[in-house]
Structure formats: structure tokens, C-alpha cells
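Per-entry structural report
Chain by chain, the residues:
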Amino acid sequence: MSYVITDPCIDVQDQACVEVCPVDCIHFDEGEDRMLYINPDECIDCGACEPACPVSAIFAEDDVPADKAIFKEINVLWYSDKAAARAKVAELKPA
């Protein structure tokens, strides 16, 4: 299990979660991404990021609300196909 960043992060990108992550598993490309992404292969499930997020965008994978489940896929996808992940974000919340 890992943590997942969901839609409240879109266009916010606060990065408080990045500052508290002990393994640096939260990434984004500044100027290209509209949200941050957690690498499920690097996440150690410590949970430090969840309370640090000022917009409550981060959930443990098993606790992601049903209406935000697509973000499990989007977080994973970003690490293999950034363009596809960005396209899914744009479909869900146009700029």
C-alpha cells in the first residue's frame, strides 16, 4: 500500500508533503504538472505526507474515496507516461 494524491492538489501544489517525506517519493515537473504525484514503488507508507497537506488531497491507498479512485491510476501512470497522466488530469479538471 502507498499513499495517493488526489484532485484537491490540482493547481495548488503546496509541496508541504514533499518537505516531510523521508524518502523523497513525491514528484512533479514544475511548469508542466498541475499536481504532485506519489511513486508507489518508493513510498514507505509512513503517512507523514497526509497531515502535512493543507488541502486534504492525500489518502492511504485503501482509504481513497470512491469518487477519487482514478487518482490511484494517475499517480502510478505519471512514473511511466507523464503525458498520459497529465492528459487524465486535464480531462478531470480542465485548466
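Calculation rules
Residues numbered from 1 in each chain as written. Predicted model: local features only at pLDDT ≥ 70, side-chain atom pairs only at ≥ 80, totals over all residues. Heavy atoms only, no water. Phe/Tyr/Trp six-rings, centres within 6.5 Å; stacked < 30°, edge-to-face > 60°. Helix = DSSP H or I, 4+ residues; strand = E, 2+ residues; numbered from the N terminus. Buried < 20%, exposed > 50% of the residue type's maximum accessible area, 1.4 Å probe, protein only. Salt bridge = Lys/Arg side-chain N within 4 Å of Asp/Glu carboxyl O. Core = buried A, V, L, I, M, F, W, Y, C linked by side-chain atoms within 4.5 Å. Contact = heavy atoms within 4.5 Å.

Summed over all chains, the structure comprises two aromatic pairs. Geometrically, the ring pair formed by tyrosine 37 and tryptophan 78 is stacked, given 5.0 Å between the ring centres and 10 degrees between the ring planes. Placement of the pair is tyrosine 37 in strand E3 (residues 37-38) and tryptophan 78 in helix H3 (residues 70-78), with a sequence separation of 41 residues. Accessibility classification places tyrosine 37 together with tryptophan 78 in one group, the buried group. On the numbers, 4.9 Å between centres and 80 degrees between planes, the contact of tryptophan 78 with tyrosine 79 is edge-to-face.

Glancing now at the pattern of salt bridges. Here the structure, examined in full by the defined rule, presents seven salt bridges. For lysine 68, the salt bridge is made with aspartate 7, and the minimal N-O distance between the two is 2.7 Å. You can see lysine 68 sitting in the loop between strand E4 (58-60) and H3 and its partner aspartate 7 sitting in the loop between strand E1 (3-5) and helix H1 (16-20), a full 61 residues away along the chain. On the basis of relative accessible area, aspartate 7 is assigned to the partly exposed category, the value being 26%. Measuring nitrogen to oxygen at the nearest pair gives 3.3 Å for the salt bridge that ties lysine 88 to glutamate 73. With a gap of 15 residues between them, lysine 88 in helix H4 (residues 82-92) and glutamate 73 in helix H3 connect regions that are remote in the sequence. Members of the salt-bridge network, linked through shared partners, are Asp29, Glu32, Asp33, Lys82 and Arg86.

This next bit is on the nonpolar core. Counting residues in each nonpolar core, the largest one holds 28 residues, and the members touching the most others are Ile5, Ile26, Met35, Ile38 and Ile58. Element by element, the count of residues in this core is highest for H3, at four residues. If we skip the residues at most four places from it in the chain, isoleucine 26 touches Ile5, Cys17, Val18, Cys21, Leu36, Tyr37, Ile38, Cys49 and Tyr79.

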